[in-house]
Amino acid sequence: MGGVAGMRGRQTVRGMIQSLGVILIAAGVMYLFIPHDEEAEPVKAKDYRVELLTAQRAAPYPVLAPQGLGDGWKATVVSYKRENANAWQLGFLSPDTQYVAVHQSTAAPGTYVPDVTHRAKDTGRTETVAGQVWQRWEGPKYDALVRTDGAATTVVTGTASFERLAEMAGALRSGKV
């Protein structure tokens, strides 16, 4: 009797191992066919030309967008809200995967700039980029280059270095992209 029970025990173990093998193979096949972040393109670049043209027609100031940025910059966010003090936003991932955004608005700079920069403060220093003087703001989350021109304030902000922010500020144009 003991021999039969031992046989049945071995068959049960063999059956469990075979079942486990089948489950692992199925899991492996599923893993291969499910897209993974590290293999997929993490961020799809947005084509923002239509929104830019719309904003340029609607805004009471020259709406800016970069021209001639190097490879590796990807537009990820775009919006224009006339009802929200004519707020234009164009966000990018830089080649070193930092966030850089262009914000413009006719809102009061004293409240608008801290809002879009997540509480950055004016350092009192300036930086000249492509012949234009920008105020340098620094904050716990985002730093920024800020410039008020007529009715509109332009803010180039994000997690990127000041060098990257200056690169974006220097590329801004009000013409067609």
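Residues numbered from 1 in each chain as written. Predicted model: local features only at pLDDT ≥ 70, side-chain atom pairs only at ≥ 80, totals over all residues. Heavy atoms only, no water.

Quick look at the nonpolar core
To keep it simple, the criterion reads: Nine residue types can take part in a nonpolar core, namely buried Ala, Val, Leu, Ile, Met, Phe, Trp, Tyr and Cys, and a core is a set of them joined through side-chain atoms within 4.5 Å. Buried residues are those whose accessible area, probed at 1.4 Å on protein chains only, stays under 20% of the maximum for their type, while exposed residues exceed 50% and partly exposed ones sit between those limits. Think of it this way: any DSSP run of H or I at least four residues long counts as a helix, any run of E at least two long counts as a strand, and we number them from the N terminus. Should any heavy atoms of two residues lie within 4.5 Å, those residues are counted as being in contact.
Residues Tyr48, Trp88, Leu90, Leu145, Val156 and Met168 are the most contacted members of the largest nonpolar core, which totals 29 residues. If you list the elements that add at least two residues to this core, you get helix 2 (49-58), strand 2 (74-81), strand 3 (87-93), strand 4 (99-105), strand 8 (152-158) and helix 4 (162-171). In terms of residue count, the dominant contributor to this core is helix 4 (5 residues). If sequence neighbours within four positions are ignored, Leu90 has contacts with Tyr48, Ala65, Pro66, Val77, Val78, Val100, Ala101 and Val102.

Some words on unusual backbone geometry
Although it is not a glycine, His118 sits at a positive phi angle of roughly 60°. You will see that Ala130, though not glycine, has its phi angle at about 50°, which is positive. Checked against the element boundaries, Ala130 lands in the loop between strand 5 (121-129) and strand 6 (132-138). Overall, Ala130 belongs to the exposed group, its relative accessible area being 67%.

What about the packing of aromatic side chains?
Heads up, the condition is: Each Phe, Tyr or Trp ring (for Trp, its six-membered ring) is paired with any other whose centre lies within 6.5 Å, and the angle between the two planes then decides the class: stacked below 30 degrees, edge-to-face above 60, tilted in between.
Following the criterion strictly, the structure yields 3 aromatic pairs and no others. Look at Trp73 and Phe92: their rings are 6.3 Å apart centre to centre, the planes differ by 80°, and that puts the pair in the edge-to-face class. One end of the pair, Trp73, is in the loop between strand 1 (65-66) and strand 2; the other, Phe92, is in strand 3, and 19 residues separate them in sequence. Neither residue differs from the other here; Trp73 and Phe92 are each classed as buried. Judged by centre distance (6.1 Å) and plane angle (45°), the rings of Tyr99 and Tyr142 are tilted. With Tyr99 in strand 4 and Tyr142 in the loop between strand 6 and strand 7 (143-149), this residue pair connects regions lying 43 residues apart in the sequence. Among the aromatic residues, ring-to-ring pairing joins Tyr48, Trp73 and Phe92 into one connected group.

Taken by themselves, the reported measurements are silent on function.
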